[in-house]
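# Architecture at a glance
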Amino acid sequence: MQNNIAHKPRNGWDVYASEDERKKIHELADKYIDFLSSCKTERETVNWVRARLEEAGFAKDVTAPCFFETAKDKTVVMARKGRRSLQHGVRIVGAHADTPRLDFKQHPLYEACDLALAKTHYYGGIRKYQWLSRPLALHGVVVKADGACVEICIGEDPVDPVLVITDLLPHLAYKQNEQKVSDAFEAEKLNVLLGNTPSAKAETGEDKSQPEQKERFKTKILELLYQRYGLIEEDLYSAELQIVPAGQARSAGLDGSLVGGYGQDDRICVFAAFEAFLAETEPEQTQIVIFWDKEEIGSEGATGAKSLFLEYTLKDLVRAWEPDTDPSLVLRQARALSADVHGSIDPDYQDLHDALNSSKLGYGPVFCKFTGHRGKVGSSEATAEYVAWLRNMLNTAGIPWQMAGLGKVDSGGGGTVAKFLAVYGMDIIDFGPGVLGMHSPFEVSSKVDLYATCLAFREFLR
Ligand code: MN
Ligand code: MN
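Presented here is an overview of the structure given in this document. What you are looking at is a predicted structure, and each value in this text was computed from that prediction instead of being measured.

## Side note on the coordination of the manganese ion (ligand 1)
Taken together, His96 (NE2), Asp265 (OD), Asp340 (OD) and Asp340 (OD) make up the protein donors of the manganese ion (ligand 1), found 2.1 to 2.5 Å from the metal. Along the chain, the residues that donate to the manganese ion (ligand 1) are spaced as H-x168-D-x74-D.

## Topic: helix 2 (residues 19–38)
Between its first and last C-alpha, helix 2 extends 29 Å over 20 residues, near the 28 Å set by a 1.5 Å rise per residue. Ile25, Leu28, Ala29, Tyr32, Ile33, Phe35, Leu36 and Ser37 are the residues of helix 2 that are buried.

## Overview of helix 7 (residues 216–229)
Helix length check: helix 7 (14 residues) gives 20 Å between terminal C-alpha atoms against 20 Å at 1.5 Å per residue, within 8%. Burial in helix 7 covers these residues: Phe217, Lys218, Thr219, Ile221, Leu222 and Leu225. At its buried positions, helix 7 is contacted by strand 4 (101–112), strand 5 (115–123) and strand 8 (192–195). The first or second residue beyond helix 7 is Gly230, which carries a positive phi of 70°.

## Some details on empty space enclosed by the protein
Enumeration over the complete set of coordinates arrives at 1 cavity of 30 Å³ or more. Taken as a whole, the largest cavity encloses approximately 30 Å³ of empty space. Lining the largest cavity are Phe67, Val77, Ala79, Ile288, Leu310, Thr313, Leu314 and Leu317. Contributions of two or more residues to the lining of the largest cavity are made by strand 2 (75–80) and helix 9 (309–321). Per-element accounting of the lining of the largest cavity gives the leading share, 4 residues, to helix 9. The residue makeup of the lining of the largest cavity, split by class, is 7 nonpolar, 1 polar and no charged.

## A short note on the layout of surface pockets
Empty space within the largest pocket amounts to approximately 1100 Å³. Breaking the lining of the largest pocket down by element, the ones donating at least two residues are strand 14 (342–343), strand 15 (366–368), strand 18 (413–414), strand 19 (427–432) and strand 20 (434–436). The element contributing the most residues to the lining of the largest pocket is strand 19, with 3 residues. Two domains each donate at least three residues to the lining of the largest pocket, and these are domain 1 (12–99 + 262–461) and domain 2 (101–200 + 236–245). The computed volume of the second largest pocket comes to approximately 710 Å³. If you trace the second largest pocket, you find 33 residues lining it, with Asn357, Ser358, Met403, Ala404 and Gly405 closest to the centre. Of all elements in the fold, only strand 16 (372–373), strand 17 (402–403) and strand 18 reach the threshold of two or more residues within the lining of the second largest pocket. Residue classes in the lining of the second largest pocket are distributed as 12 nonpolar, 13 polar and 8 charged.

Criteria and thresholds
- Residues numbered from 1 in each chain as written.
- Chains lettered and ligands numbered in written order.
- Predicted model: local features only at pLDDT ≥ 70, side-chain atom pairs only at ≥ 80, totals over all residues.
- Heavy atoms only, no water.
- Donors = N, O, S within 2.8 Å, 3.2 Å for Na, K, Ca; no water.
- Helix = DSSP H or I, 4+ residues; strand = E, 2+ residues; numbered from the N terminus.
- Expected span 1.5 Å × (residues − 1).
- Buried < 20%, exposed > 50% of the residue type's maximum accessible area, 1.4 Å probe, protein only.
- Contact = heavy atoms within 4.5 Å.
- 1 Å grid on protein atoms, 1.4 Å probe; cavity = no way out; pocket = protein on both sides within 12 Å on 5 of 7 lines; lining within 4 Å.
- Points joined across faces, edges and corners; volume = space filled by probe spheres on them.
- Nonpolar A, V, L, I, M, F, W, Y, C, P; charged D, E, K, R; others polar.
- Domains from an automatic or database assignment.

Right, dumping it as structure tokens:
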């Protein structure tokens with residue numbers, strides 16, 4: 001009889017215990033930390049990916065064997081031709097590059113109490129209090145009426161000023177302390193402090209005819225935007241300006257075994273999938289890797305997974321590479337990973353997890369067979385056959401992995417892009433490393449999970 005009839009997940013640090021492997025783990029993490037620190041929006045991520053794809057010889061030429069296409073600079077899909085024909089199935093890895101943040105409103109600028117401020121509208125699932133009293137940065141683009149695109153990034157260079165949303169002092173918080181969290185922190189109070197100097201022009205009364213004179217502090221900000229970027233207030237309507245946590249991602253823990261930083265959901269999968277894609281250059285099956293936008297708000301819009309971008313691109317590809325093949329067959333025969341992070345068990349909130357069915361940091365990437373909430377509502381569930389095939393692949397390669405659900409039944413839930421690809425009939429499952437503090441300004445992941453996830457993606461794409 002087989003002596004390992006009981007299953008026990010393996011800790012990645014035990015699996016990769018040699019000095020050489022530990023070195024590789026930390027080297028990969030260093031690269032990841034640099035990536036995380038420089039890519040904080042979906043546009044920045046797509047720009048970074050595009051630059052590296054072009055370096056690697058990829059082009060927007062669908063007839064070439066190394067091809068990529070972008071959608072509005074916010075979603076990118078890349079493909080590398082495999083040895084076998086498309087009808088034998090392609091391998092798809094999809095992750096998302098958008099992250100929870102605070103967007104500037106359409107009319108952001110105002111002043112109150114002789115301070116200049118900006119109003120925001122949050123994007124994705126945030127816990128509002130986590131964004132108070134911490135250094136923030138402004139990233140994004142403003143497109144002028146003539147089409148010129150101005151890129152903005154303030155608060156990352158150590159010489160830059162940062163922005164902040166001030167929190168209430170404890171001395172006056174007695175009443176707030178008694179409120180429910182959802183009542184105590186209001187979206188309309190997520191207003192970013194921009195400045196405290198009045199416009200000199202308005203101050204000297206030089207420009208008395210101008211109504212802006214009454215708003216001396218807001219006017220000062222408009223003057224700065226004009227001097228530095230040539231922007232006028234109307235330009236802010238055609239802008240995508242995002243407030244994100246300022247500063248670098250970091251090694252975390254006394255042993256430096258963790259990564260702390262903003263946007264790891266889901267840029268850890270973007271990074272791991274992209275590293276894997278660049279490393280596996282001679283695939284059996286055609287490889288498709290796609291980084292979506294808008295996952296955090298339900299995959300809506302022209303750049304989300306509900307759009308037809310992937311389908312259209314795949315059809316272009318089939319027409320160019322194998323005109324006699326039916327594109328719907330290619331989609332149906334595909335095997336896919338919905339590469340996304342998993343909410344691992346938090347030592348302080350263990351009661352919200354089913355310990356038996358939760359994931360742990362350090363035990364490798366997590367399969368989440370289904371997502372959704374309540375009675376599996378809104379989920380896409382992978383077939384038993386597909387899970388069997390995948391676990392055999394990872395076991396054969398000696399890569400640690402775990403199988404888990406998200407939290408206790410009826411304690412919450414969530415969804416990913418999996419169900420939007422499952423509609424084609426392809427096999428797909430959620431798969432990615434665990435994180436703690438998901439959606440917070442400083443999410444935490446394990447370096448060994450990043451390493452094992454990257455190896456797992458390589459195995460899948462090989
Ligand atoms: Mn995610
Ligand atoms: Mn998320």
